[in-house]
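Residues per chain, in single letters:
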Amino acid sequence: GMSGSASDDELPREIIAAFGGQENLKHLDACITRLRITVNEKDKVNKDQLKALGASGVMEVGNNIQAIFGPTSDAIKSQMQDVIAGKTPEPIAEKETAATAMATASAEDIQAMSITSPAAGRLIRIDEVEDEVFSGKMMGDGFAIVPEEGTFHAPVDGTITTVFPTKHAVGMQTDEGTEILIHIGLDTVNMKGEGFEVYVAENDKVKQGDILVKADLEKIRQEAASTTTPVVFTNLDKEYTISVESGKIVHFEEDNNIVTIDAYSI
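Residue numbers run consecutively from 1 along every chain, following the written order of its sequence. Residue-level local features of this predicted model are given only where pLDDT is at least 70; pairs of side-chain atoms are given and counted only at 80 or more, and the full residue set underlies all totals for whole chains, interfaces and linings. Excluding hydrogens and water, the side-chain values take into account all heavy atoms of the structure.

(A) View of the sheet that holds strand 12 (residues 196–198). By this definition, two strands are paired if DSSP reports at least two bridges between them. Put simply, DSSP marks the helices as runs of H or I at least four residues long and the strands as runs of E at least two long, and each gets a number from the N terminus on. Strand order in the open sheet made by the three strands is 8-14-12, with antiparallel pairing throughout. Of all strands in the sheet, those bounded by a partner on one side alone are strand 8 (151–153) and strand 12. Ignoring which end each strand starts from, the neighbouring axes of this sheet average 20° apart. Of the strand pairs in this sheet, strand 8 and strand 14 (residues 211–215) are connected by three bridges, and their pairing is antiparallel. Looking at the pairing, Phe152 lines up with Val213 of strand 14. Structural elements are reduced to axes, namely lines fitted to C-alpha atoms, with helices fitted over the stretch in contact, and the angle between N-to-C directions of any two is expressed from 0 to 180 degrees.

This is the structure we're talking about:
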């Protein structure tokens, strides 16, 4: 409605300002975890202001500034593009703001949850993932798998909440409300969906072990940073941590695609 129109474009305008203004923006990009903005002069970027606006972290990679706004990053990027084009930005969908209302999973939910590996391969701790957004737990705690084959399964029962347009990431939620992001490979957003086949759609109900995505690991090795696949609990209460036995090898049998990962809450 009209009443919300001022606030709808407030955030993207303030983010543009924090990035040093429109003339400092060279290229806008986003993925399921972060805004990636190539700027002309990085000393014009106000990192503290970006954090005040909701970024959980800000990183520099050359002249590329990455601001971690989580699952709304892509919507924020679109809003920024609208502002730059002189259009009224589309409001961010309610669903995404509800997710950021920080509904956190309770201890009982976590303990009751049996989490299984999304793929065959080698389990590693999240802090071993070669990407600061994941290793620094900016999106949340979790674990990762270095896959041996390209079939990725649902680690829990639940509902699919997001299938990212570039197909390399799927978000889901358990009935109890725990949100889980399966992010296939690192920097795979640049592959623009090539090499990924998705077997689920938003709002689908899935059972643990159901196939979510099949990915061409060879193609990922050639075109992206890594095949390492983080599994992140994006709304886990800060007092809980997920720990896995690093280096454990997971195999999937024909009939049994369930390998339980012991998750410990602290």
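(B) Focus on the pairing of strand 10 (residues 169–173). When accessible area is computed with a 1.4 Å probe and restricted to protein chains, residues below 20% of their type maximum are described as buried, those above 50% as exposed, and intermediate ones as partly exposed. Burial analysis of strand 10 places four of its five residues in the buried class, which makes it a mostly covered element. Counted along the chain from strand 9 (residues 158–163) to the antiparallel partner strand 10, the turn is five residues long, and its residue Lys167 has a positive phi close to 70°. Two elements, strand 10 and strand 11 (residues 179–183), share five bridges in a ladder whose sense is antiparallel. Of the residues in strand 11, the one forming a bridge with Val170 is Ile182. If you look at the hairpin formed by strand 10 and strand 11, you'll find five residues sitting between the two strands, and Gly177 has a positive phi there, around 105°.

(C) Fine view of the sheet that holds strand 4 (residues 64–67). Read across the open sheet, the four strands follow the order 1-2-4-3; overall the sheet is antiparallel. Two strands bound the open sheet, and with one partner strand each, they are strand 1 (25–30) and strand 3 (58–61). The average undirected angle you get between the axes of adjacent strands in this sheet is 20°. Here strand 3 pairs with strand 4 via four bridges, running antiparallel. Pairing of Met59 across the sheet is with Gln66, part of strand 4. Along the sheet face, helix 3 (residues 73–84) touches strand 1 and strand 2 (35–39) and points at about 145° away from the line of strand 1. The contact rule is simple, with two residues in contact once any of their heavy atoms fall within 4.5 Å.

In short, shape yes, function no, at least from these values alone.
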